[in-house]
Protein chains: 2
Amino acid sequence: MCAEALRNAPRRRRRKEARPQELTAAALALFVEKGFAATRLDEVAARAGVSKGTLYLYFDSKEALFEAVIREGIVPAIAEGEALLEHYGDDPVQLLRCILFGWWERIGATELGGIPKLMVSEARNFPEVARFYDEAVIQRGLALLRAALARGIALKVFRPVDVDTMARLLIAPLVHLALWRHSFAACCGGTMDVGHYLETHFDLVLHGLMADRTRRGDSQ
Amino acid sequence: MCAEALRNAPRRRRRKEARPQELTAAALALFVEKGFAATRLDEVAARAGVSKGTLYLYFDSKEALFEAVIREGIVPAIAEGEALLEHYGDDPVQLLRCILFGWWERIGATELGGIPKLMVSEARNFPEVARFYDEAVIQRGLALLRAALARGIALKVFRPVDVDTMARLLIAPLVHLALWRHSFAACCGGTMDVGHYLETHFDLVLHGLMADRTRRGDSQ
DNA sequence: CGTAAATTACTGACCGGTCAGTTATTAACA
DNA sequence: TGTTAATAACTGACCGGTCAGTAATTTACG
């Protein structure tokens, strides 16, 4: 019986170099759930199916693990977003829609959606990581939104607005929802219609953005 | 010289009545800055000007201190907001404006503004406290916003909208800003015009809410 | 009053458990 | 057999929580 179980469980054998990703994935889940300080490295290792000593073969310290979690976490997704700029060259409304809904599908709704909570919680404890995240993710994401807004204004589809402030207002409800899912939703989870929430937000923003008032119905 | 210093600094005197508040205030500041797990009770006590032993005269445990911080923190401010409902009986726009800007002045811009970050960070570690906060603060605040929206709709000032979703969209950018101030702002603080941010948000929301389009200028 | 006794707010050294980080050892390859 | 991935046992610093003792304040009493 014991031998059977050992055969079924992936035996501790020489693992390839996929280990770092398995460890950062486990660390991300636990850091998001419990916070950095309250997460024990034994847990992280166990969740990745190895021992704590193995973890130290790949990461110098707990803090180095945290940095790796953040660095490899979200940056790739940003590049995907920037590619949208070229794809939707002539339709700012669809561009904006794809950025926002794409953010939710690729980040907010996945395990990556925990990273905002993690960074908000730990930014002041790891200011250098926070600065990296701010430059590599936040500022880059805001720049993407500003570019989309500016294009819409240039094409006279949107009325002139402060694109910097508007970019922040565009993303705030999405981040807010991601934070919610990884905090209160776990214990106070009133079922909520995410699609309706996003549609309502997008509709509200368009109301304030559109240059002319020909647009009424928002069905899509 | 030493005697002078002792006279100037309010030396450790016996102040039974004020102690709990001094301790919870110190704990709030440190919990928000470093998180619950990373905050040492020695620090909390030192910040309140007492020793750790004294802290345990007033609170049974670290967790009890956390609960006290949350319970006494924000609940009173909610009642003030609810009073606005009666004050602005006939002007839903001003009512909404006062709720939002009042929230920022009374909570977001004060030390209480750290509580959202603290609760988001620790909700999953303290589900019972989170449930209390959800009921006593969040749901109550959302109900207040829903009431203000519903009144505007009833008076035909606002067009019919889903008041529940709209209430969440109304508060999200404010909470987002409060979270920002207590996380990234400390290390990546690009100077930001809070007043402009709030005005832009309010203006955007009104654009989407107003029943007729007579309203154009938003100066006030 | 004055002062001794009683009370109470407060202290800080200490204990025990926990956990990040280390090391001696084993097991799986070539 | 040598090399390396992996482990399990180990260490030591740290911190939540305790408690015997101290100082400030009040009360009792001559």
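For the structure, check the block above.
Residues numbered from 1 in each chain as written. Chains lettered and ligands numbered in written order. Predicted model: local features only at pLDDT ≥ 70, side-chain atom pairs only at ≥ 80, totals over all residues.

A tally of regular secondary structure across chain A gives 10 helices and 0 strands. Secondary structure elements of chain A, listed N to C terminal, follow the sequence α-α-α-α-α-α-α-α-α-α. Buried positions account for 38% of the 220 residues belonging to chain A. (Helix = DSSP H or I, 4+ residues; strand = E, 2+ residues; numbered from the N terminus. Buried ≥ 20, exposed ≤ 12 C-beta atoms within 10 Å, placed from the backbone.)

With that settled, the discussion passes to the relation of the copies chain A and chain B. Mapping chain A onto chain B calls for a screw motion: a turn of 180° about the axis and a shift of 0.0 Å along it, with 0.1 Å RMSD after fitting. Such values leave the two copies arranged in the relation of a two-fold axis. Here 100% of the interface residues in chain A have copies in chain B that are interface residues too; the copies meet face to matching face. (Least-squares fit on C-alpha atoms with pLDDT ≥ 70 in both. Contact = placed C-beta atoms within 7 Å.)

The local shell around DNA strand C holds 21 residues, among which Lys62(A), Val50(B), Ser51(B), Gly53(B) and Thr54(B) are the closest. Among the secondary structure elements, those contributing two or more residues to the surface near DNA strand C are helix 3 (41–47) and helix 4 (52–58) of chain A together with helix 4 (52–58) of chain B. The dominant element in the surface near DNA strand C, judged by the number of residues it contributes, is helix 4 of chain B, at 4 residues. Of the residues belonging to the surface near DNA strand C, the class tally is 4 nonpolar, 5 polar and 12 charged. (Near = placed C-beta within 6 Å. Nonpolar A, V, L, I, M, F, W, Y, C, P; charged D, E, K, R; others polar.)

Further remarks concern the packing of helix 2 (residues 19–34) of chain B against helix 7 (residues 114–122) of chain B. Residues and elements named next belong to chain B. Two elements in contact, helix 2 and helix 7, have axes whose closest approach is 9 Å; the angle formed by their N-to-C orientations is 60°. On the basis of the axis angle, helix 2 is oblique to helix 7. Crossing geometry of helix 2 relative to helix 7 is assigned as left-handed. Facing helix 2, whose interface residues are Leu28, Phe31 and Val32, helix 7 presents Gly114, Lys117 and Leu118. Its residues placed into classes, the contact of helix 2 with helix 7 shows 4 nonpolar, 1 polar and 1 charged. (Axes fitted to C-alpha atoms, helices over the stretch in contact; angles between N-to-C directions. Parallel < 35°, antiparallel > 145°, perpendicular 65-115°, else oblique. Left-handed = near helix turned anticlockwise from the far one by under 90°.)

This next bit is on the nonpolar core. Core analysis: the largest hydrophobic core is formed by 113 residues, its most contacted members being Ala27(A), Phe31(A), Ala27(B) and Phe31(B). Sorting elements by how many residues they give to this core places helix 9 (residues 163–181) of chain B first, with 13 residues. Ignoring sequence-local partners within four residues, the contact set of Ala27(B) consists of Val44(B), Leu65(B) and Val69(B). (Core = buried A, V, L, I, M, F, W, Y, C linked by C-beta atoms within 7 Å.)

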